[in-house]
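Listed here are the chains, written in short residue letters.
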Amino acid sequence: MEVKTSLLDNMIGVGDMVLIEPLSEDTFIENLRKRFEHNEIYTYIGSVVISMNPYKSLPIYTAEKVEEYRNRNFYELSPHIYALADEAYRSLRDQDKDQCILITGESGAGKTEASKFVMSYVAAVCGKGQEVNKVKEQLLQSNPVLEAFGNAKTVRNDNSSRFGKYMDIEFDFKGDPLGGVISNYLLEKSRVVKQPRGERNFHIFYQLLSGASDDTLKKLKLDRDFSKYNYLSLDSATVNGLDDAACFRTVRNAMQIVGFMEDEVQSVLELVAAVLKLGNLEFKPESRCNGFDESRIKDKNDLKEMCELLGIEQSVLERAFSFRTVEAKMEKVSTTLNVAQAYYARDALAKNLYSRLFSWLVNRINESIKAQTKSRKKVMGVLDIYGFEIFEDNSFEQFIINYCNEKLQQIFIELTLREEQEEYIREGIEWTNIEYFNNAIICDLIENNKNGILAMLDEECLRPGTVTDETFLDKLNTVCAEHQHFESRQSKNSKFLTDHSLPHNCFRIQHYAGKVLYRVEGFVDKNNDLLYRDLSQAMYKANHSLIKILFPEGNPAKVNLKRPLTAGFQFRASVGTLMKNLLTKNPNYIRCIKPNDKKAAHIFTDSLVCHQVRYLGLMENVRVRRAGYAFRQAYEPCLERYKMLCKQTWPHWKGPAREGVEVLLKNLQVAAEEFAYGRSKIFIRNPRTLFFLEEKRRQCLEDLATLIQKIYRGWKCRTHFLLLKKSQVVVAAWYRRFAQQKKYQNIRSSALVVQSYIRGWKARKLLRELKHKKRCEEAVTTISAYWHGTQVLNTMQKYFMGLKKTMPSMSPVDKSWPARPYGFLDGMHQELRRIFHLWRCKKYRSQFTEEKKATYEEKLAASELFKDKKALYPSSVGQPFKGDYVEITKNPKYQKLNSLVEDKVLLADVVSKINRANGKGAPRIFLLTKKSLVLADQKTGQVKASVPLLDLSSVSVSTQSDGFFALKLKEGSTSAAKGDFLLSSDRLIEIITKLHRIGAASAERNQINIDISDEFLVQFKQDKVCVKFIPGTPKNGNGVACKRKNNRLLEVSVPSP
Ligand SMILES: Nc1ncnc2c1ncn2[C@@H]1O[C@H](COP(=O)(O)OP(=O)(O)OP(=O)(O)O)[C@@H](O)[C@H]1O
Ligand SMILES: [Mg+2]
């Protein structure tokens, strides 16, 4: 919710001086002091804003503050310059009234700062958009440029405006800024050539020398050292807290934003440089034959550089400093200039150059910021003019400045009264006349066309004959002697004859702001503001774009023999125009006051403030404002503020606000003469009445606050109580639930325990019964088992005894086994038979000798090789394998043969070697040792063939009952040359078994393959012959017959078994 505050809330002192009670100068100043000490620098007198210079930056110009004051009524918030700016802007935008903001006050009181705050506020609250923002930016940036060229440090103000400025900001119907027009008033140009002690020349000179780059300075032929330039006073060349170099950058940037071209900036700087150079020109006298001295330039270097800068022919300028041409009608007379005149000419040129440059700058800025549209504009003028000045030594400039302030005071009085009167008329309230000091009389003293001081000065300047400042003073002394605000020692007014505070060459004016003593010296010259024509012509001839424009009167084609208008006349005219302009607008006043002379924060010098309060006529302002009715307020806010004071209006008044206020005041029994009802406002005559209302309101607010507090506390306690109650119910519910849950858990667990005990008891009972039953069953089983056991035991005993009696023989080949007596012993009976057989065999084997064991092993091997594979095998089973059948060691016939065989002979027998050609057999001795087999002649014992067993690859036999076997030799072995052997023996089984066993026992050679087949190939020398076994026919008899059938076939017929 938006919090509405009022000017009357949280007041430090009073925010509006109209409300001060009792009203006196002391209370007025005390109020200002109190507010100043609390950093409340703004105070109102009705709609006028008094602004105290805080001399320190305060956090009251932020964007938040702008928002706070935006679209709020003037008295709604505590006094602020933004409230005035907002009021002015809104009445311009919404009511279509042109506005002017008049900022007055003495030098250093904060006028320029105030004007900037107003402009920045208006810029912040008015419309936005690219184009509008550009216009705003240009308007705001014109300030730094003008300040650099038109402001200077004075003893009163480090940034004193040395020109008057009035800026019209133009708006469209929506209140968006369109552009602006700046008018400048009389620049204090004497400052260019001379500055009082402790003061500086215009800022731009110092800014240029400190801030320009080396390159720029070189181009401008300048030196960074201030001391090199006569026009720059040295005692206060730097200002505390002011960075000239940074300011220069700001100014250049601002010029760029405003729209200055780069070459324009350069030209401006060249002119500034030229002024500095001009100041360095010095003259020396040179005697002429006519006895007069003629001035000559001492050192021409500066002149040369200046001429180069401005593109002027050096000789022309040099001549202009030595001669002066006076033209009268058709005549031209040239006179020489003495040194003093040359210096005068130099300074006049410098001042003119600078002041014209300044005017050009203003025009140039105007060109940039002027509104682009021709449609009707609304205007807000901001006037920041030099303040009232009283120096020790006051001259023409101060006179002009003070005259301007005098005029402004006039307009202030006029407008304030007018406004007051208008408001009374508007509101239909009777007007009571107000006594106040009207300074029109002083204005008249200065500006009266007939005998005003300015008119006298002009008259004196135009008068033929010798004219001096003294003659001017004399004139004043005669004409103004009787004027009550004019004082002079020599005047016909005898009361000043003995006034020693009034020197002879001075006159004094009692301004509205105090008495000021003016020294007449220089009045005539300054008013004439003469520049020798030779100099203006020299300038016009310059080859420099800007200079030419600045000195149009130097154009020989436009020689004007008329005297130029005097400075005083021009100023009076422009002030006149300004006043007319201001009178057409709705005025808004900011009255600036400086709290001390030391530019210090926190110091409040009563006497100084009192002086300003007096001359600004602030007390009168308050009196005028209070003369009829001290306070006024629109009905709505008034009712809103005080409605709580009456039961009928509180809390809501249904009818019109005015009636509400009437009821309210009647109810409060306020005396009828204390207020008047206007059309839209209530007027309160005495601040006391307002304070009475305020006090009542305060008390009522206290009561209301107590009531609100009471209700609030009650509400709070009740809410708290309800909350507690609700919480208690919740807690209780939860607790009950918890307790019930717990109880239930207990019951449940108890039930479970009881249940489990019962179940346990039942189970144990059942277990006992079951155990008993089981034991009974076991007993029955055991008893029956015992009984059966004895039965079986008997049976078995009988069985074993019977078996013992009927045991078969110990011969392993005995197959008999007693019959089983009982069917259930079948398995065991068979097992016993098997065990018995194995035992019998074991017994049998244990009787074997080693030799017999070997024989049986051979037999076993033979059975593995041939059993069920060769029909001859069964016949060999019964034959013992004797090995040596020819008794090779004993038979003398074979002794030789035996000795030839190295190893032990494993087998010696007679075999039949089958003739390859016809299949007939021939007996041969067959010897087998571990390593070889030998075939020898049976009769002679001569070795026919010896084959190492290694050469033997396989043995082929038939499946029949024949004794044929083929020894196959490994291909490529030495033995293989003659081909394989085909032999026949009845002991074939033994021979092959032995042969095979040798192979099996030996690690060197491979096992000899035994190939059992009825058809195999035999290699006879080159031929491969197939040996085929066929069943024998009866004609072959029972013997085996072998026949060579052809080259490839050897047929062996074997009788069928
Ligand atoms: N509202 C303010 N807040 C902070 N400082 C201020 C304020 N107003 C003025 N000042 C200080 O006071 C100085 C002087 O103010 P300003 O230049 O506005 O005076 P002026 O009235 O324009 O004087 P002159 O007539 O010499 O131009 C400023 O430079 C600034 O330091
Ligand atoms: Mg100023």
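Residues numbered from 1 in each chain as written. Chains lettered and ligands numbered in written order. Predicted model: local features only at pLDDT ≥ 70, side-chain atom pairs only at ≥ 80, totals over all residues. Heavy atoms only, no water.

Taking an unreviewed UniProt entry as the reference, the protein is identified by name as Unconventional myosin-Ib belonging to Cyprinus carpio carpio. Its UniProt record, at the heading Sequence similarities (unreviewed entry), says of the protein: "Belongs to the TRAFAC class myosin-kinesin ATPase superfamily. Myosin family." Turning to the protein, the UniProt annotation filed under Function (unreviewed entry) states: "Motor protein that may participate in process critical to neuronal development and function such as cell migration, neurite outgrowth and vesicular transport." (UniProt positions renumbered as here; feature names shortened; annotations may be inferred.)

**Remarks on a positive patch on the surface**
There is a patch of like positive charges on the surface, built from R759, K762, R764, K765 and R768. Position of R759 relative to the elements: it lies in helix α26 (residues 687–805). (Patch = residues over 30% accessible without salt bridge, like charges linked within 9 Å, V, L, I, M, F, W, Y side chains within 5 Å. Areas by Shrake-Rupley, 256 points an atom, 1.4 Å probe, with all protein chains shown as cover. Salt bridge = Lys/Arg side-chain N within 4 Å of Asp/Glu carboxyl O. Lys, Arg positive; Asp, Glu negative; His and termini not counted. Charge placed at Lys NZ, Arg CZ, Asp CG, Glu CD. Helix = DSSP H or I, 4+ residues; strand = E, 2+ residues; numbered from the N terminus.)

**Quick look at the UniProt feature "binding site: ATP" (unreviewed entry) in the protein**
Summarizing the sequence annotation, UniProt attributes the feature "binding site: ATP" (unreviewed entry) to G105, E106, S107, G108, A109, G110, K111 and T112 in the numbering used throughout. Mapping K111 onto the fold places it in helix α4 (residues 111–125). Residue classification places K111 among the buried positions, given a relative accessible area of 7%. Those residues within four positions of K111 in sequence are excluded, and the remaining contacts are I103, T104, G105, E106, D384, I385, Y386, G387 and C592. Structurally, the position occupied by T112 is in helix α4. Once residues lying within four places of it in the same chain are set aside, the contact partners of T112 are E147, S161 and D384. (Buried < 20%, exposed > 50% of the residue type's maximum accessible area, 1.4 Å probe, protein only. Contact = heavy atoms within 4.5 Å.)

**Regarding the sheet that holds strand β14 (residues 506–511)**
The 3 strands are arranged β13-β14-β15 in an open sheet whose pairing can be described as antiparallel. Only two strands of the sheet have a single neighbouring strand rather than two, namely β13 (486–488) and β15 (514–519). Between one strand axis and the next, the sheet turns through 25° on average, direction left out of account. (Pairing = 2+ DSSP bridges. Axes fitted to C-alpha atoms, helices over the stretch in contact; angles between N-to-C directions.)

**A word on the nonpolar core**
Core analysis: the largest hydrophobic core is formed by 212 residues, its most contacted members being F149 and F507. By residue number, the principal contributor to this core is helix α13 (residues 339–369), which donates 15 residues. Residues in contact with F149, not counting those within four places in the same chain, are F202, I204, V268, V272, Y354, L357, F358 and L361. If you look at the next biggest cluster of nonpolar residues, it comprises 31 residues, including F866, L872, V947 and F981. (Core = buried A, V, L, I, M, F, W, Y, C linked by side-chain atoms within 4.5 Å.)

**Details of the packing of helix α7 (residues 203–211) against helix α10 (residues 262–279)**
Closest axis-to-axis distance for the α7/α10 pair is 11 Å, and the angle between their directions is 105°. Here α7 lies roughly perpendicular to α10, going by the angle between them. Counted together, I204, F205, L208 and L209 of α7 and L269, V272, V275 and L276 of α10 form the full contact between these two elements. Of the residues in the contact of α7 with α10, the class split is 8 nonpolar, no polar and no charged. (Parallel < 35°, antiparallel > 145°, perpendicular 65-115°, else oblique. Nonpolar A, V, L, I, M, F, W, Y, C, P; charged D, E, K, R; others polar.)

**Topic: the coordination of the magnesium ion (ligand 2)**
Within the protein, T112 (OG1) and S161 (OG) serve as the donor atoms for the magnesium ion (ligand 2), at 1.9 to 2.1 Å. Of this pair, T112 sits in helix α4 while S161 is found in strand β5 (residues 160–161), placing the two residues 49 residues apart along the sequence. (Donors = N, O, S within 2.8 Å, 3.2 Å for Na, K, Ca; no water.)

**Some words on the packing of aromatic side chains**
Within this structure, the stated rule accounts for 38 aromatic pairs. Feature note: the residues F396, F399, F472, F486, F507, Y518 and F523 constitute an aromatic cluster, connected by ring pairs. Positioned above the aromatic ring of F412 is the side chain of R591, whose terminal nitrogen or guanidinium carbon lies 3.7 Å from the ring centre. Seen from the ring of F881, K859 lies directly overhead, with NZ or CZ sitting 3.8 Å from the centre. (Phe/Tyr/Trp six-rings, centres within 6.5 Å; stacked < 30°, edge-to-face > 60°. Lys NZ or Arg CZ within 6 Å of the ring centre and 35° of its normal.)

**Examining the environment of L417**
With respect to the secondary-structure elements, L417 resides in helix α14 (residues 396–427). With 170 residues separating them in the primary sequence, L417 and P587 have C-alpha atoms 12 Å apart.

**Focus on the pattern of salt bridges**
Following the criterion strictly, the structure yields 64 salt bridges and no others. A salt bridge links K475 to E459; its shortest N-O distance comes to 2.8 Å. With K475 in helix α17 (residues 469–479) and E459 in helix α16 (residues 453–462), this pair connects stretches of sequence that are 16 residues apart. Classification of K475 as buried rests on a relative accessible area of 17%. The structure contains a network of salt bridges with shared partners spanning E30, R33, E37 and D606.

**Considerations on a nonpolar patch on the surface**
On the surface, a cluster of nonpolar side chains totalling about 370 Å² of accessible area is made up of I708, Y712 and W715. Counting through the fold element by element, Y712 comes out in helix α26. A relative accessible area of 43% means that Y712 is categorised as partly exposed.

**Side note on the packing of α10 against helix α11 (residues 300–310)**
How two helices pack is summed up by the angle between their axes together with the distance between the axes. For the pair α10 and α11, interaxial distance at closest approach is 9 Å and the crossing angle is 160°. By the criterion of interaxial angle, the relationship of α10 to α11 is roughly antiparallel. The handedness of the crossing between α10 and α11 comes out as left-handed. Touching E270, L271, A273, A274, K277 and L278 of α10 are D302, E305, M306, L309 and L310, all from α11. (Left-handed = near helix turned anticlockwise from the far one by under 90°.)

**Structural notes on the pairing of strand β9 (residues 293–297)**
Strand direction decides the pairing type here: strand β8 (residues 283–287) and β9, joined by 5 bridges, are antiparallel. Residue pairing for β9: S287 is matched across the bridge by D293.

**What about the site of ligand 1?**
As a matter of local geometry, ligand 1 sits amid 19 residues, with S107, K111, T112, S160 and S161 nearest to it. Take G110: an N or O atom from its main chain is 2.9 Å from an oxygen atom of ligand 1. In this structure, T112 approaches ligand 1 through a side-chain N or O atom, which is 2.6 Å from an oxygen atom. About the coverage of ligand 1: the protein hides 87% of its 620 Å² of free accessible area. Looking at the shell around ligand 1, the elements that each hand over two or more residues are α4 and β5. Considering each element in turn, the shell around ligand 1 owes the most residues, 4 residues, to α4. When its residues are assigned to classes, the shell around ligand 1 shows 5 nonpolar, 10 polar and 4 charged. (Near = heavy atom within 4 Å. Polar contact = N/O pair within 3.5 Å; in protein donor to acceptor, adjacent residues only side chain to side chain.)

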